[in-house]
Amino acid sequence: MAVIESIDVHKTYNPETIPVRAVDGISVSFDAGEFTAIVGPSGCGKTTFLNLIGGLEKPTQGKVLIDEKDISKLSIREMTDYRLHNIGFVFQAYNLIPVMSAYENVAFIMQLLKFTKKDIAERVEYLLRTMSVWDKRDERPNTLSGGQQQRVAVARALASKPKFILADEPTANLDSKSTGTLLDLMHHINETENTTIIFSTHDDRVMERARRLIQLDDGKIVKDEHKGA
Amino acid sequence: MIGRLAWRNVWRNRLRSLVVVLAIASGLFGTLFVAAISRGMIIRIVQSTIDNDISDLQIHSDKYVISEELIDVFPQSQLQAAIDKNAVLIDAYSFRVKVEAMATSANGSHQVTLLGIDKDAESRVTGIHDLVVEGTYFDTKTKLKEICVGRKLVEELEVRLGSKIVLSFADVEGDIMYESFKITGIYKSSNSEFDKINTYVLSDDLIPILKTGESNYHEAAFRISESALDQVYSSLHEELPGYEVMRWFEINKTLRAMSSMMDLFTFVMVLIVLIALIFGVINTMLMVVMERRKELGMLRALGMNNFSIGRMIVLETVLLGIIGSIVGNVLTYISVSWFGDRGIKYASAAEGLEQMGMGDTLYPELGAYTYIAITLLVLVTALIASIFPVRRVFRQNIAETLRN
């Protein structure tokens, strides 16, 4: 069954002045446990599409269904709550909270969700150990390497056990070793926790490891390939 | 969690936060210290007027209050029962006869208020005996009638200790009396105008000349603690029909008006400083949220709701306000305590200050409630100042902030 489904989704910026069609009628669905890469040249609408299914933007037209619920009709408050409970985000620039340690960054989302201290401690330790940054738990982001920061960011995205993770070019700032490590870890999480992971990327290394490739161009899907199929 | 995050955010840019804290602290310190000086001045005027002149409460006959006729005296015995009833609450009291007179020396003359007093009773009510700078307070064995006058009058009449001056005044029958007195004491209070006008003689000397009758007085003055004042006032007011019982602020309405005006002045001054601070804090916090645009967008993307984001920014602003007001209050407290004990000599305006009854030294003073009120006002200011940055954050599009 589809966890995420977009039905004829459009997103047009500046509709009344100089319209820019960032997403132009995308209909696609993602099943639980998928490991998908959305690829395409810069400006093809990858990030906008991730924002639409992540509830960060509302479509100009069409529907985004999560578990058959149309999230484009949710209020700002409901949307925020929905993101908190259902989605993990990983950003290209890591975007960790600079005044918090690696541990606190990961625990942050769980605290927002009012997990117990014990649950937080267990989950954060598990994730940081899985991401091989447990020894860096007390350090602040500015003392970590790019790869370490991104691993902490992935741990943060997984902290609340979200239904799916949206990763916007997560390897763009990483060297090949860090990229390999990160992809291994995300594969591991995908398999062990059955978390749906959707990347946007130009990175060939990510494309190689993805089980499904969706290629966008000018806001439209031009290719949707299931590698195992 | 929000509190910890806000606290750490405050110290992210230490220099900027310190500048804001110092701006708040110096604004508060400046305002409060000026307020403390003003308050000290007013308190000194009020206190010296109460201590040396009007005391805490006075009683006159109804008629005397209207026309201040010499004849409108009251017998001490009529008041004694009411006084005895409140004896526990009354610290001291003194009966006075009072007449307007002209003091004349070989070199000049000046209008004065002549007060006939009982030396011992008056010593317990007013502080004039402590202010004697030359001679004694009616302690000489001279056969002449003694008079204690202010330093300023001595200068006006160009006389000195031991000089004789002639006082002329009307008695109860309207006859002009001329009586010679020897200056045996010269006092100097913090109010040169008071010193120029108020002269003291013994009531035993004055009453026979005035012919007001033995143990008949124009005025009874009382020292009563602040806490007991209203109670004694009510009791005496009830016990003594036909008498005008007045508390110090009813006798000298200017004193209370000055005090109220000074409170208003302080409030307006604080308000102006706080309004200026609001703009400073708004400016800083707008810079802060603009700098952290992407981070705040990320927090919202992760699921931190607007209420929590708003709470965090409000807390950051309030923390700056709290730290600023603590520093400002501590600086003020130390300065007010230091100068409150030692005083600030203001030699160049000494004469003017003395004319107003403040002496030549300013003693800053500030009540605890002022510190509390100011701190609360700063918190309100910080809350108001945080509205604008919070609104700015809420208006930002999350996806756009993340793209940037």
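Everything quoted here is computed from the prediction, not taken from an experiment.

A.B. asks: Quick question: what am I supposed to make of the overall build of chain A here?
C.D. replies: Per the secondary structure count, chain A includes 7 helices and 10 strands. For 229 residues, the compact-globule estimate of 2.2 N^0.38 gives 17 Å, and the C-alpha radius of gyration of chain A, at 17 Å, lies within 12% of that figure. Along the three orthogonal principal directions, the C-alpha set of chain A runs to about 50 × 40 × 35 Å. A total of 229 residues make up chain A; the buried ones form 57% of that total. Sequence-distant contacts, at least 24 apart, represent 68% of the contacts inside chain A between residues at least 6 apart. Total accessible area computed for chain A in this model is approximately 10000 Å², and 47% of it derives from carbon and sulfur atoms. Averaging the positions of the 29 positive and the 32 negative side-chain charges in chain A gives two centres separated by 4 Å.

A.B. asks: Can you help me understand the sheet that holds strand E9 (residues 212–217) of chain A in this one?
C.D. replies: Adjacent strands of a sheet form backbone hydrogen bonds with each other and so pair up, either parallel or antiparallel. Residues and elements named next belong to chain A. With respect to topology, 6 strands assemble into an open sheet ordered E6-E7-E8-E3-E9-E10, the strand pairing being mixed. Of all strands in the sheet, those with a lone pairing partner are strand E6 (87–90) and strand E10 (220–226), marking the two edges. Pairs of neighbouring strands in the sheet enclose a mean axial angle of 15 degrees, with direction left out of account. Across the sheet, helix H1 (residues 46–53) lies against strand E3 (35–39), E6, strand E7 (164–168), strand E8 (196–201) and E9, angled at about 155 degrees from E7, the strand it touches most.

A.B. asks: Can you help me understand the sheet that holds strand E4 (residues 61–66) of chain A in this one?
C.D. replies: Residue and element names in this part refer to chain A. The antiparallel open sheet is built from 4 strands, whose spatial order is E2-E1-E4-E5. With partners counted over all chains shown, the strands left at the sheet margins are strand E2 (20–31) and strand E5 (69–70), one partner each. Across the sheet, H1 is in contact with strand E1 (2–13), E2 and E4; its angle to E2 comes to roughly 55 degrees.

A.B. asks: Looking at this model, I keep getting lost on the packing of aromatic side chains. Mind explaining?
C.D. replies: Geometry of an aromatic ring pair is reported as the spacing of the ring centres plus the angle between the planes. The full count for this structure, using the stated rule, is 17 aromatic pairs over all chains. A centroid spacing of 5.7 Å and a plane angle of 70 degrees characterise the contact between B:Trp7 and B:Trp11, whose relative ring orientation is edge-to-face. Using a relative accessible area of 43% as the deciding quantity, one classes B:Trp7 as partly exposed. Using a relative accessible area of 21% as the deciding quantity, one classes B:Trp11 as partly exposed. Three or more aromatic residues joined by ring pairs make a cluster, and in this case those are B:Phe74, B:Tyr93, B:Phe95, B:Tyr217, B:Phe222 and B:Tyr243. Above the ring of A:Trp134, the side-chain terminus of A:Arg137 is found at 4.2 Å from the ring centroid. Above the ring of B:Trp338, the side-chain terminus of B:Arg342 is found at 3.6 Å from the ring centroid.

A.B. asks: Would you take a moment to explain the interface of chain A and chain B for this structure?
C.D. replies: A common measure of how large an interface is: the accessible area buried when the components associate. Taken together, the contacts link 25 residues of chain A with 21 residues of chain B. Of the roughly 2100 Å² buried where chain A meets chain B, counting both sides, 66% is carbon and sulfur surface. At the junction of chain A with chain B, the criterion picks out 1 salt bridge. A salt bridge links A:Glu104 to B:Arg8; the shortest N-O distance between them is 2.6 Å. Our count for the contact surface shared by chain A and chain B stands at 4 residue pairs in polar contact (both at pLDDT 80 or more). The set of elements that each furnish at least two residues to the side of chain A that touches chain B consists of helix H2 (76–86) and helix H3 (102–112) of chain A.

A.B. asks: Would you mind showing me how to read the environment of B:Ile147 here?
C.D. replies: All names here are of chain B. One can find Ile-147 in strand E6 (residues 146–150). The buried category is assigned to Ile-147, whose relative accessible area is 0%. When residues no more than four places from it in sequence are discounted, the contact partners of Ile-147 are Leu-114, Phe-138, Ile-165, Leu-167, Phe-181, Lys-182, Ile-183, Thr-184, Gly-185, Thr-199, Tyr-200 and Val-201.

A.B. asks: Please clarify how empty space enclosed by the protein should be interpreted in this entry.
C.D. replies: By rolling a water-sized probe across the atoms, one finds the places where empty space is left. Tallying each qualifying case throughout the model produces 2 cavities of 30 Å³ or more. Of the volumes computed, that of the largest cavity is approximately 60 Å³. Lining the largest cavity, in full, are B:Ile24, B:Leu277, B:Val281, B:Thr317, B:Leu320, B:Gly321, B:Val378, B:Thr381 and B:Ala382. Elements with a minimum of two residues in the lining of the largest cavity: helix H11 (253–291), helix H13 (306–342) and helix H15 (368–395) of chain B. Grouping the constituent residues of the lining of the largest cavity by class yields 6 nonpolar, 3 polar and no charged. Considering only enclosed or pocket space, the second largest cavity measures out at about 50 Å³ in volume. Lining of the second largest cavity is provided by A:Arg83, A:Leu84, A:Ile87, A:Gly88, A:Phe89, A:Ile109, A:Arg156, A:Ala157, A:Ser160 and B:Leu302. Those elements giving two or more residues to the lining of the second largest cavity turn out to be H2, E6 and helix H5 (146–158) of chain A. Looking at which element gives the most residues to the lining of the second largest cavity, the answer is E6(A), with 3 residues. Its residues assigned to classes, the lining of the second largest cavity shows 6 nonpolar, 2 polar and 2 charged.

Conventions used here
Just so you know, the residues in each chain are numbered from 1, in the order the chain's sequence is written. A letter from A marks each chain and a number from 1 marks each ligand, given out in the order of writing. Per-residue local features of the predicted model are confined to residues with pLDDT of at least 70, and side-chain atom pairs are confined, for both listing and counting, to 80 or more; whole-chain, interface and lining totals are unaffected and use all residues. With hydrogens and water set aside, each side-chain value is computed from the structure's full complement of heavy atoms. The numbering of helices and of strands both runs from the N terminus, where a helix is a DSSP run of H or I of at least 4 residues and a strand a run of E of at least 2. Atoms considered for the radius of gyration are the C-alpha atoms alone. The globule rule reads 2.2 Å times the number of residues to the power 0.38. The classification of residues rests on relative accessible area computed with a 1.4 Å probe and restricted to protein chains. Under 20% of the type maximum is buried, over 50% is exposed, and intermediate values are partly exposed. Whether two residues are in contact is decided by their heavy atoms, any of which lying within 4.5 Å being enough. Each accessible area is a Shrake-Rupley result for a 1.4 Å probe, and residues are judged covered by the shown protein chains and nothing else. Asp and Glu are treated as the negative residues and Lys and Arg as the positive ones, with His and the ends of the chain left uncounted. Lys charges are placed at NZ, Arg charges at CZ, Asp charges at CG and Glu charges at CD. Any two strands are treated as partners once DSSP identifies two or more bridges connecting them. A fitted line through C-alpha atoms represents every axis, and for helices the fit uses only the stretch in contact; the resulting angles, taken between N-to-C directions, go from 0 to 180 degrees. Two aromatic rings, drawn from Phe, Tyr or Trp (for Trp, its six-membered ring), form a pair once their centres lie within 6.5 Å of each other, and the interplanar angle then sorts them: stacked below 30 degrees, edge-to-face above 60, tilted otherwise. Geometrically, a charge over a ring is one whose NZ (Lys) or CZ (Arg) sits within 6 Å of the ring centre while staying within 35 degrees of the ring normal. By convention, the term buried area covers the 1.4 Å-probe accessible surface removed from two parts as they join, with the contributions of both added. A pair is scored as a salt bridge if a Lys or Arg side-chain nitrogen falls within 4 Å of a carboxyl oxygen belonging to Asp or Glu. Pairing of N or O atoms within 3.5 Å defines a polar contact, subject to two protein rules: one partner must be a possible hydrogen donor and the other a possible acceptor, and residues neighboring in sequence count only if both atoms are side-chain atoms. Of the two site types, the cavity is a set of points on a 1 Å grid over the protein atoms alone where a 1.4 Å probe fits but cannot get out, and the pocket is an open set with protein on both sides within 12 Å along at least five of seven lines, each lined by residues with an atom within 4 Å of a point. Grid points are joined across faces, edges and corners, and a volume is the space filled by probe spheres set on the points. Three classes are used: nonpolar for Ala, Val, Leu, Ile, Met, Phe, Trp, Tyr, Cys and Pro, charged for Asp, Glu, Lys and Arg, and polar for all others, with Gly counted as polar.

These results come straight from atomic positions and should not be treated as a statement about function.
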